[in-house]
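# Results of the structural survey
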Amino acid sequence: SASDRKLDPHAEVRNLVISARSDGIEIVQPSARYMTSNFFIRDGKVHFGLTHVKGVSAYELDQLWAMMAEYGVMINPTQLLVNILPQVNKRTCEALIRVGAFDYLGVARTILLHYYTCVHMLTKTELKFFQNTTEDLKDIIGLALATKKEGGAAASVTRLEKLKSIAQMITNPGRSLDDTPIMIATTEEELIGIPLSCSYRDSCLNATNADTTCREFKRGKSGKMSLAVRVKEVKEHLMKDGESKMAFLTVEDDTAEVSDVVI
């Protein structure tokens, strides 16, 4: 049926981005900085539309824009986590952080997501206490803990223990909070359909040895070339002798995709 043949939205976006890159058009990652929901052009670049991120709806973005308009787009990370994101759907917030919509604030995505997870565990009352603070993110749970202690009998032992565990989480995450190219590329492919802010080849140590891009190759560059690519697909074939094998590869870098590479 026609519906069965309909292209997956992310696959369609991927094809469009690859086509644009082949023509030398730069597509950049989605950003909340400009408070724009759809695709737009700025400084000769196409900015990816936030409504095309998996898990993000126009309704949730309207809520986010309303909050950001109140506090200003150049907020500090603590204001974002305490004043703004708690007013927006959790799934939407996590998706926006993971695709780099708040990269312009200067905090790594993994760190921001970790702090968001911890802050999300605070009660509305605890959050309200911090709505006018500009304390460092690492201090905010400690302040919540101190506030509860000062509350005396009003603070239950159970809640104090919960805050201690949150404080432990935020100061000792037990894992690396570095944004690695492979993590970013995988996440962006999952939520957008294609990596935009980096590529899989960025995680390869010898990728800098390449002297040719896929776009240059497709445009007719010849002679001896070195390319750094990601292998997307392998179609293996048995030769006529019944023993030898050959394969057709589909490969890509961040400029274009090349099919039928013979091995």
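Below you will find a few notes about this structure. On a predicted model such as this, the values are computed, not experimentally measured, just so you know.

### Regarding the sheet that holds strand 3 (residues 45–47)
Taken together, 3 strands build an open sheet; the order of strands is 1-3-2 and the sheet is mixed. Two strands close off the open sheet at either side, each with one partner strand: strand 1 (27–28) and strand 2 (40–42). Bridge count between strand 1 and strand 3: 2 bridges; the pairing is parallel. Within strand 3, the residue paired with Val28 across the bridge is His47.

### Description of the sheet that holds strand 6 (residues 257–262)
Taken together, the 3 strands give an open sheet; going across it, the order is 4-5-6, and neighbouring strands pair in antiparallel fashion. Each having just a single partner strand, strand 4 (230–238) and strand 6 make up the two edges of the open sheet. Averaged over all neighbouring strand pairs, the angle between strand axes comes to 15°, with direction disregarded. By the bridge criterion, 4 bridges tie strand 5 (residues 245–252) to strand 6 in an arrangement that is antiparallel. Note that in strand 6 the partner of Glu252 across the bridge is Glu257.

### Thoughts on the nonpolar core
By size, the foremost hydrophobic cluster in this structure holds 47 residues, and its most contacted members are Leu64, Leu80, Ile84, Leu85, Leu96 and Phe102. Of all the secondary structure elements, the ones that give two or more residues to this core are helix 2 (9–22), helix 3 (58–71), helix 4 (77–84), helix 5 (90–98), helix 6 (109–119) and helix 9 (157–171). If sequence neighbours within four positions are ignored, Ile84 has contacts with Leu64, Met67, Met68, Tyr71, Ile75 and Gln79. In this structure, Cys214, Ala247, Leu249 and Ala256 belong to the second largest nonpolar core, which totals 6 residues.

### Let's talk about unusual backbone geometry
Even without being a glycine, Asp43 presents a positive backbone phi close to 55°. Looking at the element boundaries, Asp43 is found in the loop between strand 2 and strand 3. The exposure class assigned to Asp43 is exposed, which follows from its relative accessible area of 70%. Despite not being glycine, Asp260 has its phi angle at roughly 60°, a positive value.

### Let's talk about the side chain of Gln29
Mapped onto the fold, Gln29 is located in the loop between strand 1 and strand 2. Side-chain polar atoms of Gln29 contact the backbone oxygen of Gly100, separated by 2.9 Å. For Gln29, the side chain forms a polar contact with the side chain of Asp103, separated by 3.0 Å.

### Some details on helix 5
Looking only at helix 5, the buried set comprises Thr92, Cys93, Ala95, Leu96 and Ile97. Residues of helix 5 that are buried make contact with helix 3, helix 6 and helix 10 (181–191). In this structure Asn89 caps helix 5, since a side-chain oxygen of it lies 2.9 Å from the backbone nitrogen of Arg91. One or two steps after helix 5, the chain reaches Gly100, where phi turns positive at roughly 90°.

### Let's talk about the packing of aromatic side chains
Per the stated rule, a full pass over the model turns up 2 aromatic pairs. Lying across the ring of Tyr200, Arg230 places its NZ or CZ 3.9 Å from the centre.

### Let's talk about helix 10
Taken together, the buried positions of helix 10 are Ile184, Ala185, Thr187, Glu188 and Leu191. Down the axis, helix 10 shows its buried residues gathered within 165° of arc, on one side only. At its buried positions, helix 10 is contacted by helix 2, helix 5 and helix 6. Looking one or two residues past helix 10, Gly193 carries a phi angle of roughly 115°, positive in sign.

### Concerning the pattern of salt bridges
For the coordinates displayed, the defined rule picks out 10 salt bridges. Put simply, Arg98 and Glu190 hold a salt bridge, and the shortest N to O gap is 2.9 Å. A residue pair is termed long-range when its members are at least 10 positions apart, and Arg98 in helix 5 and Glu190 in helix 10 qualify at 92 residues. Judged by relative accessible area, which is 26%, Arg98 ranks as partly exposed. Glu189 is paired through a salt bridge with Arg230; the nearest N and O atoms lie 3.2 Å apart.

Here is what the cut-offs are and how they apply
Residues numbered from 1 in each chain as written. Predicted model: local features only at pLDDT ≥ 70, side-chain atom pairs only at ≥ 80, totals over all residues. Heavy atoms only, no water. Pairing = 2+ DSSP bridges. Helix = DSSP H or I, 4+ residues; strand = E, 2+ residues; numbered from the N terminus. Axes fitted to C-alpha atoms, helices over the stretch in contact; angles between N-to-C directions. Core = buried A, V, L, I, M, F, W, Y, C linked by side-chain atoms within 4.5 Å. Buried < 20%, exposed > 50% of the residue type's maximum accessible area, 1.4 Å probe, protein only. Contact = heavy atoms within 4.5 Å. Polar contact = N/O pair within 3.5 Å; in protein donor to acceptor, adjacent residues only side chain to side chain. Phe/Tyr/Trp six-rings, centres within 6.5 Å; stacked < 30°, edge-to-face > 60°. Lys NZ or Arg CZ within 6 Å of the ring centre and 35° of its normal. Arc of directions from axis to C-beta. Salt bridge = Lys/Arg side-chain N within 4 Å of Asp/Glu carboxyl O.

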